[in-house]
Every structure is written in structure tokens, then in C-alpha cells.
Amino acid sequence: MSDRELLELLERFHQHQVTSAEKRELQERMAADPVFAQRVREAELFTAALQNHGQQKSLRDRLNQHHQAWQQENQKAAPAAAPVLRRRTPIQIFMRRYSATMAVAATVAIVTVFSSLLGMEMWRSATQQQTARYVELRREVEDLKRKQNAILSSSTTTPKNASVNPGQFSGTGFVLTSDGYFVTSYHVIEGADSLMIENKSGTKYKVEEIYSDQVRDLALLRVTDTAFTGFGKLPYSFKQKESDLGERVFTLGYPREDIVFGEGTLSSRSGVYGDTASYQISVPLNPGNSGGPLLDDRGNMIGVISGKMLGVDGAAFAVKSAYLLTLLEQLPEHRLPKPISLPKVNNLAGTSRPQQLKKLQDFVYMVKVYN
Amino acid sequence: MIHKALVTDAAIIEGILQDDDMALSRLYKLHFPMVLFFVQSNSGTEDDAKDIFQEAVIVFYEKIKAGQLELNCQIKTYLYSICRRLWLKRLSRSSRFSHGMVEDTESELAPQVEDDVERAEQNELKFEAMANALGQLGEPCKTLLEDFYLRSMGMPEITEKFGYNNVDSAKNQKYKCLMRLKKLFFLDYQVPS
């Protein structure tokens, strides 16, 4: 069967003009001959495509018309949007595609840079603070020391004494009046539950807080012990006026279990950050010295040790005695169980330093703080 | 909302069955912007969107006409999934980097879509091949065949128009043209195996 005959047959087939005999013959031949079947299928496909072509063409034309109508409607609505969409440079395309990623990357970079800068700055300022920092010299009694102490005292003294809690903090304090008033730094007794004073010879008294001045860092205590009979006559007096620059000064204190002497000069009449209420002194001090008395060559009490500057050589500070005296003057009468009568006579003037210290050391106590 | 959409869908299908041009117009207005947006946001142009959408609509239209359409979703969804698939296929073909199919998680939702996509693509190929073949055929064969097949003119009319002696020689001429067209057509179009 030639191609032409086949096409004619299919055409008639399409117009339903084939006889059933022809149809059967065609089907049988297709079943018998696969090559022929392929040809028939191709021819069918071709004729179908040709016949479809007209319909599809008109359909496409109509769709194009609708598209144009739609375009006109929408172009009117947004005439500016279309040209922008068309004319896009490669850079614009790149930016459009990666702008989100770039924004995220930039944000991360900015955050990282600023946080690291900030961190460095904070770190630097923190270390700077550490190099020149004012510290209060109250001593923290560590566990280790407590144990060591316990071992030491158990071997030397009675076991009863060894079990005594040495307290969590310690500082130094000195006698204000012979009838039981006692002075130390406020930060030594800060947050204390109970207070105990103990001197070199082992005399212990229980004391209570009468008044404290947080700003001037001073605390007034009073012995409450029933066994207390009086401190005895005080060898030093209190200086009202400010001392001069360069004066030789010394202190006694308890930076450790034993009393320690420290000597230096008065190096400035103002304290840390220009504080006129204190002196700067060049006395080597350690934690535990706080609250100790600062005396001049003639044995006048001129200040109360308060703290030192870390990272600065030889800069320790003491609250001026004038401020202690004004504090005592300003104290309301009713807060005091007994009026304060300060010692007027100075027994230390003119004697040698070891002589002075011998007299002094009975009046300088270690303040133990329990909390 | 859904109810309204269903009513609109039914009206469009009814309109297409009755050869109402308004139905196509509505179809276009309702659903083309969605396809346009999809194609444009996936590195295509408006012309691409137009081609894709029209391919989908032709399949849709022919299925309605043939009564084969089984919609189990809205027209919008149906057209969108076909257009999406068509465009992704086209993208993956033109892409230099991905030789495989573009991953499409939604394809499993509508198994029927795959057939329709195949059909739309074959349709397009056939149409282009036929248009090419007709273009290369030359006169008077082209007009003759177009008159007969596309404009459905009878053989006697054609005989008269082209000045043939009788209907038989016109028929003769027609088959010669047809054979040539067939040859040209199959040069362009590969029968899918």
C-alpha cells in the first residue's frame, strides 16, 4: 500500500466512509506487520496534527488577542514598571539575586566588628581599672589559713582555743577612750553579725557597733564584755589640725596573726580621686591593716588607715583624724551610752620609736568579724 | 470564597464548551497574572510566561472540548501546576548546570498533571513542526492544503479557485502536496518513543 493510498484511506476513515471489511483488513495487517503499523501510526499522527493545526491556530490567535487586551489593561495601570523590568544590567541582576545574602553578610560583619571593638575596649578598661584600683584593706581569712591555724594552735595551745572560729574577716582597730570606745574602718565591720577584738597579748573583748559613717569609712564601737574593766590610760592624743606634707608617720596593724609595724611619710594631703578627707601615705600596707591608727613622730593620732591603690607604688590612704573628731562631735547625745571623753595628754612625744610601740601595742587590736 | 471560585470555574468551562470568547478572556485575566509572577520570579520574561500559559490553556481547552477533563481541584490550581511544571522543565533543559530534572516536591500532588504537561509539550512541538512544514511547502500547495484542511473548503470549490480541469486533478495535486508536507513535517518532528 503506498503512502498516498494510506492517506486516502485514513481520510475516509476520518470521515466515517470506510467499510467494515476495509477496517478489519487494516487492523489485521497492522497486527501482522509492525513496520506497516508504524507507518499507519505516523500517518495518523500527521493527519491529526494537520487537522488540529487549524483549530489550534485560531485558538492561539484568540489567546494572543486576549493577551494583548490584558497587556493593554495592565500596561496602562503600571506603565513605569515594565520598562524597568526589561532594562536590567547584569549588575542589577546580580544585586537583585544576591542582595539578601549580601545584607546578611554585611550585618554579620558589622555586628562582629563592633562587638569585638566593644569587647576590646571593655577588656582594656577593665584591665586599666585593675592596674590602678582602690582597695579596702580588710583581710579575708581563708579556709586554708584557718586550717593551718587550727593545726598550729592545737599543737601549741589548748584544744578549746583551737575550736574558736577565727572569723571571716579581720581588720585593725584602736582604742578611742579608756572606758571602752573603740574605732575602726566601716568597711571592716560591714555586714558583721558579731564583733570581737583581740590584742597581741591575747586579751579578747566582745564589742558592738555604736555608729558608723559609710562615707568617711569610720565606725565607732564599744566594748560590751562584762569582764571589761577599762583599757587603761591612753598614751596618744588626737590631732585636730591637718598634718604637713613630708611628715614621718607610722602605723600598727594586724595584716596577719601578729602585730606589724609600718613606717613611711605623708606624701599627699588629699586621698584617692582628690578626696580631701584623707591623706596619701607611703606606708607599706596589706589587707588587715584597715582601721589601724596612723600616728606621727610625736605620737599624735592623725588618721585611720582605709585602703591603698593597686598598681600604684606606695600609695596608701588614711582618713584624717579631723574627720573622726567632727564625727564624734556631731554624734547625737542619745546614741551614746556614755559621753566620750577623749585623751588630752600625749605620753609618746620625745621617746624613741620602740618605746612608743611598746606603749602603743596594747591599744591596737585585731578586729574579728563574724557573719 | 471557595464557593465563588467554584462557580467561576463552572462558568468558564461552560463558556468554553459553548465557544464563548468571554470565557477565555476571563480565564486569561484571572489566571495569567499568577503564572506571569511565577515565571518572572524564576528568571523568565513576560513572553516566556505567555508561551507557557498558552500551552497550558490549549491543553485545558482541548480537554474540555473532547470531554476528557477531570478536574479534582480548581482551574487556578490546575493551570498553575501545569505551568509550573512546564516552566521548571524548560528551565532545567536550558540550564547549563543541572542536567537532571528540577526537584519538584509538588509533582506528587497531581499525578494527572504529568500527563498533561507531556501532552502540552508534544502539542507545542507538533504545532511548530506543522507551521514550519507549511511555511517551507511553498505555493500553491500551502494555500491549497490550508483551504482544504484549515478553512474546510470542498474539493469543487478548490478546483474552481485554482483553475484545475477537474476535481480529480485537484485531488491528485492535493495528495502530492500532502506527501511533501508529511515529509517536511517528520523532518522536524520526532515521534516520541
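### Quick word on the overall build of chain A
Each helix and strand in chain A was counted, giving 10 helices and 15 strands. The proportion of buried residues among the 371 residues of chain A is 28%. Within chain A, residue pairs in contact and separated by at least 24 positions form 68% of the contacts whose partners lie at least 6 positions apart.

### Some thoughts on the overall build of chain B
Along its length, chain B carries eight helices and zero strands. Each helix (α) and strand (β) of chain B, taken in turn from the N terminus, gives the series α-α-α-α-α-α-α-α. Among the 193 residues that make up chain B, the fraction classed as buried is 27%. In chain B, the share of contacts with a sequence separation of at least 24, taken over all contacts with a separation of at least 6, comes to 60%.

### With respect to the pairing of strand S4 (residues 181-184) of chain A
All names here are of chain A. Side chains Tyr181 and Val183 of S4 all project onto a buried face; the interleaved residues Phe182 and Thr184 project onto the opposite face, where all are buried too. Of the pairings in the sheet, the one linking strand S3 (residues 169-175) to S4 comprises three bridges and is antiparallel in character. Residue pairing for S4: Gly173 is matched across the bridge by Thr184. In textbook terms, the turn of a hairpin is the stretch between consecutive antiparallel strands, and for S3 and S4 this stretch comprises five residues, one of which, Gly180, has a positive phi near 120°.

### Quick word on the interface of chain B and chain A
Taken together, the contacts link 23 residues of chain B with 21 residues of chain A. Within the residue set of the side of chain B that touches chain A, elements represented by two or more residues are helix H2 (21-40), helix H3 (46-66), helix H5 (111-137), helix H6 (141-150) and helix H8 (167-188) of chain B.

### Some thoughts on the pairing of strand S15 (residues 364-370) of chain A
Looking along a regular strand, one sees the side chains alternate between the two faces of the sheet. Residues and elements named next belong to chain A. Burial analysis of S15 places six of its seven residues in the buried class, which makes it a mostly covered element. As paired strands, S3 and S15 are joined by six bridges and run antiparallel to one another. Bridging across to S15, Phe169 finds its partner in Val369. As paired elements, strand S5 (residues 194-198) and S15 share five bridges and run antiparallel to each other. Note that in S15 the partner of Leu195 across the bridge is Val369.

### Things to note about the environment of Glu263 of chain A
All names here are of chain A. With respect to the helices, strands and loops of the structure, Glu263 is situated in strand S10 (residues 260-268). The exposure class of Glu263 is partly exposed, given the 13 C-beta atoms found within 10 Å. Considered as a pair, Glu263 and Phe250 are 13 residues apart in the sequence and their alpha carbons are 4.2 Å apart. Leaving out residues up to four positions away in the same chain, Glu263 has contacts with Phe250 and Val283.

### Observations regarding H8 of chain B
Residue and element names in this part refer to chain B. Spanning 22 residues, H8 covers 31 Å between terminal C-alpha atoms, matching the ideal 32 Å at 1.5 Å per step. Among all positions in H8, only Ala170, Lys174, Leu178, Leu181, Lys182 and Phe185 are buried. One face of H8 carries all of its buried residues, which in axial projection span an arc of 115°. Every exposed residue of H8 that faces more than 90 degrees away from the buried side is listed here: Asp168, Ser169, Lys183 and Leu187.

### Details of the environment of Asp9 of chain B
Residue and element names in this part refer to chain B. Mapped onto the secondary structure, Asp9 falls in helix H1 (residues 2-17). Taking the number of C-beta atoms within 10 Å as the measure of exposure, Asp9 has 19 and is therefore partly exposed. Those residues in contact with Asp9, other than ones at most four positions away along the chain, are Gln74 and Ile75.

### Regarding the packing of H2 of chain B against helix H4 (residues 75-94) of chain B
Residue and element names in this part refer to chain B. The contact between H2 and H4 brings their axes to 10 Å, and the two run at 30°. Judged on the interaxial angle alone, H4 and H2 are roughly parallel. Every pair of crossing elements has a handedness; the one defined by H2 and H4 is right-handed. Between H2, through His31, Met34, Val35, Phe38 and Val39, and H4, the contact on the second element is made entirely by Lys76, Leu79, Tyr80, Cys83, Arg84 and Trp87.

### As for the environment of Asp244 of chain A
All names here are of chain A. Of note, Asp244 is situated in the loop between strand S8 (237-238) and strand S9 (248-253). The exposure class of Asp244 is exposed, given the 9 C-beta atoms found within 10 Å. In this structure the C-alpha to C-alpha distance between Asp244 and Ser267, which are 23 residues apart in sequence, comes to 9.1 Å.

### Concerning unusual backbone geometry
Residues and elements named next belong to chain A. Located in the positive-phi region is Asp217, a residue other than glycine, with phi close to 60°. Checked against the element boundaries, Asp217 lands in the loop between strand S6 (204-213) and strand S7 (218-223). By the C-beta count within 10 Å, which is 24 here, Asp217 ends up buried.

### Overview of the confidence of the model for chain A
All names here are of chain A. With 85% of its residues at a pLDDT of at least 70, chain A reaches an overall mean of 80. Confidence drops under pLDDT 50 across residues 79-84; counting only partners more than four residues distant or on other chains, this segment forms one contact. A low-confidence stretch, residues 151-164 (pLDDT under 50), is modelled with six contacts involving residues beyond four sequence positions or located in other chains.

### As for the packing of H2 of chain B against H3 of chain B
Residue and element names in this part refer to chain B. Between H2 and H3, whose axes approach to 9 Å, the crossing angle comes to 130°. By the criterion of interaxial angle, the relationship of H2 to H3 is oblique. Remark: the crossing between H2 and H3 carries right-handed chirality. Residues Leu27, Phe32, Val35, Leu36, Val39 and Gln40 of H2 lie in contact with H3, whose contacting residues are Glu46, Asp48, Ala49, Ile52, Phe53 and Val57. Classifying every residue of the contact of H2 with H3 gives nine nonpolar, one polar and two charged.

Thresholds, definitions, all that
Residues numbered from 1 in each chain as written. Chains lettered and ligands numbered in written order. Predicted model: local features only at pLDDT ≥ 70, side-chain atom pairs only at ≥ 80, totals over all residues. Helix = DSSP H or I, 4+ residues; strand = E, 2+ residues; numbered from the N terminus. Buried ≥ 20, exposed ≤ 12 C-beta atoms within 10 Å, placed from the backbone. Contact = placed C-beta atoms within 7 Å. Pairing = 2+ DSSP bridges. Expected span 1.5 Å × (residues − 1). Arc of directions from axis to C-beta. Axes fitted to C-alpha atoms, helices over the stretch in contact; angles between N-to-C directions. Parallel < 35°, antiparallel > 145°, perpendicular 65-115°, else oblique. Left-handed = near helix turned anticlockwise from the far one by under 90°. pLDDT = per-residue confidence, 0-100. Nonpolar A, V, L, I, M, F, W, Y, C, P; charged D, E, K, R; others polar.

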